[in-house]
Amino acid sequence: MATHRTLNRAIPAPLVSDGDGVQIHRAFPNHDLSEFDPFLLLDHMGPMDLKPGEAKGFPDHPHRGFETVTYLLSGEFEHRDSFGHHGVLKAGDVQWMTAGSGLVHSEVPSRNLVQNGGKLEGFQLWVNLPKRDKMKAPRYQERDAAHIPTATGEGVEIKVIAGDSLGVNGAVETHIPIQYLHFKMADGAKHIQEVPHSLNSMIYVISGGLMLGGGFIPKYHLAVLNNDADTVEFTASGETQILLLSAEPIHEPVARYGPFVMNTKEELAQAFEDYRAGRMGTISVSR
Ligand code: FE
C-alpha cells in the first residue's frame, strides 16, 4: 500500500457534440477509456455562453439498467419523463435518476435559457446498477442547491452529493457505496480525502489544475487513481474545481448499447423490444 493513492493515468476529455448539438467534454467513454466500473460515462456539458436561440438539449430517449446523475453548475435544464415526472434543474441542483426497468425522458434547456441565452455548464454521470437492481422501478432523488450538504476545510469547499467528506454525509442514497464530491479550492489549498481502496476512484478537473502524486492534471482532464491506499491527497494549482468520483466496482458482465446497459445481449434485445413496443411509455405533453 502507498501512503496516498497514486495516479494511474490522466486522460483528456475531448470536445464532442451529442443530443441536438450540445457541446460536451466527454471524459469517457472514448478511445482512452471505455468504462470505469461501475461508472459508464462522464460528460462535462459546456461551459458555454449561449446566445438567444442557441441552447440545445437531449430530446426524448429511453434508458434502462443504470442511473443518470445530472449536476448543473450554471444554467437551467428541464426534465420530463414517460411517467409524468417533470422538473427544472437550476445551478447547483442535482438529479439522481435511477432508470431501472426503463423510461423515456427528455432533458432540454429551460425556455428561459433558450429565449434569453446565458451560461450553461453541468455534468452527467452514468452509474451502472448491479444485476439485482437493474429492473427496479424508476426513482428520482432531486436535491436543490440549498439541500446539498457542504463540508469546509482550509481553502476548500466540498459539495457532498453522495458519500461523505470531513464527516459530512451526502444528499442521496445509492445502491452501492459511491462518493460524488465537488471541490472548490483556493490556489495552493491541499486536501486529503478518505477513499477506501476497494473503491474505484477518479478525479475530473473542471477548472484550474491539480497536483497529485507529483503529477499535474490540467482542466478538462480525468485522473484515474490506483487502488493502492485509502486516501487521496491533492493540491490546487490556481483556483480549481474538481469532481472526485469513487464507487465500489460491480464486477458483472456489461452488455451496453446506446441508452441501455444490461448484463447480456438477450437482455439488451429485450430492452429494445420493450422500448419499441412502448412499454417504457412515451412523453405526451405539448411544450
Ligand atoms: Fe437521458
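That block above? That's the structure.
Residues numbered from 1 in each chain as written. Predicted model: local features only at pLDDT ≥ 70, side-chain atom pairs only at ≥ 80, totals over all residues. Heavy atoms only, no water.

K.L.:
Mind showing me how you'd approach the packing of aromatic side chains here?
P.N.:
By convention here, two paired aromatic rings are described through the distance between centres and the angle between planes. In the structure shown here, the tally under the stated rule is 8 aromatic pairs. Here the aromatic rings of phenylalanine 123 and tyrosine 204 are separated by 6.0 Å at their centres, their planes lie at 75°, and the arrangement is edge-to-face. Residue phenylalanine 123 is located in strand β11 (residues 118-128), and its partner tyrosine 204 is located in strand β19 (residues 200-207); the two are separated by 81 residues in the primary sequence. Here phenylalanine 123 falls in the buried class, since its relative accessible area comes to 1%. By relative accessible area, tyrosine 204 is classed as buried at 1%. On the numbers, 5.2 Å between centres and 85° between planes, the contact of phenylalanine 183 with phenylalanine 234 is edge-to-face. Taken together, the positions of phenylalanine 183 in strand β17 (residues 178-185) and phenylalanine 234 in strand β23 (residues 231-236) put the pair 51 residues apart, joining distant regions of the chain. In textbook terms, an aromatic cluster arises when at least three aromatic residues are bridged by ring pairs, as seen for Tyr257, Phe260, Phe272 and Tyr275. (Phe/Tyr/Trp six-rings, centres within 6.5 Å; stacked < 30°, edge-to-face > 60°. Helix = DSSP H or I, 4+ residues; strand = E, 2+ residues; numbered from the N terminus. Buried < 20%, exposed > 50% of the residue type's maximum accessible area, 1.4 Å probe, protein only.)

K.L.:
How should I be thinking about the coordination of the iron ion in this particular structure?
P.N.:
As a benchmark, a tetrahedral metal site with four donors has ideal angles of 109.5 degrees, while an octahedral site with six donors has ideal angles of 90 or 180 degrees. Only His61 (NE2), His63 (NE2), His105 (NE2) and Glu107 (OE) from the protein coordinate the iron ion, and they sit 2.1 to 2.3 Å from it. One way to put it: the 4 donor atoms around the iron ion meet at angles of 82 to 175°, and that makes the site irregular. Each donor residue of the iron ion lies on one chain, and together they are spaced H-x1-H-x41-H-x1-E. (Donors = N, O, S within 2.8 Å, 3.2 Å for Na, K, Ca; no water. Tetrahedral: all angles 85-135°; square planar, octahedral: opposite > 155°, others 65-115°.)

K.L.:
Help me understand unusual backbone geometry, please; the structure alone is not making it clear to me.
P.N.:
Residues apart from glycine generally show negative phi values, whereas peptide bonds are mostly found in trans. The omega torsion across aspartate 37 and proline 38 is 5°, close enough to zero to call that bond cis. Secondary-structure assignment places proline 38 in the loop between β3 (22-28) and β4 (39-50). Between glycine 46 and proline 47 the backbone carries a cis peptide bond, its omega angle lying at 0°. Note that proline 47 resides in strand β4. Within the chain, leucine 166 stands out as a residue other than glycine whose phi angle is a positive 50°. Mapped onto the elements of the fold, leucine 166 is located in the loop between β15 (164-165) and β16 (168-169). We note that histidine 251 has phi near 55°; this positive angle belongs to a residue other than glycine. Along the polypeptide, histidine 251 turns up in the loop between β24 (240-247) and β25 (255-257).

K.L.:
Where do I start with the sheet that holds strand β6 (residues 66-74) in this structure?
P.N.:
Hydrogen bonds along the backbone pair up the strands of a sheet, which may run parallel or antiparallel. Taken together, the 7 strands give an open sheet; going across it, the order is β2-β3-β4-β11-β6-β9-β12, and neighbouring strands pair in antiparallel fashion. Because the sheet does not close on itself, it has two edges, and the strands there are β2 (15-18) and β12 (139-143). Here the average twist between neighbouring strands, direction ignored, is 25°. (Pairing = 2+ DSSP bridges. Axes fitted to C-alpha atoms, helices over the stretch in contact; angles between N-to-C directions.)

K.L.:
Please explain the nonpolar core as it appears in this structure.
P.N.:
It is characteristic of soluble globular proteins that their nonpolar side chains tend to be buried jointly. Counting 32 residues, the largest nonpolar core has Phe28, Phe39, Trp96, Leu125, Tyr180, Tyr204 and Leu222 as the members making the most contacts within it. Among the nonpolar cores identified, the runner-up in size contains 22 residues, and Val156, Phe183, Met185 and Leu199 belong to it. (Core = buried A, V, L, I, M, F, W, Y, C linked by side-chain atoms within 4.5 Å.)

K.L.:
Just checking my understanding: could you explain the sheet that holds strand β18 (residues 190-194) for this structure?
P.N.:
With antiparallel pairing, the 4 strands of this open sheet are ordered in space as β18-β23-β20-β21. Where the open sheet ends on each side, the last strands, each with one partner, are β18 and β21 (215-218). Ignoring strand direction, the axes of neighbouring strands in this sheet form an average angle of 30°.

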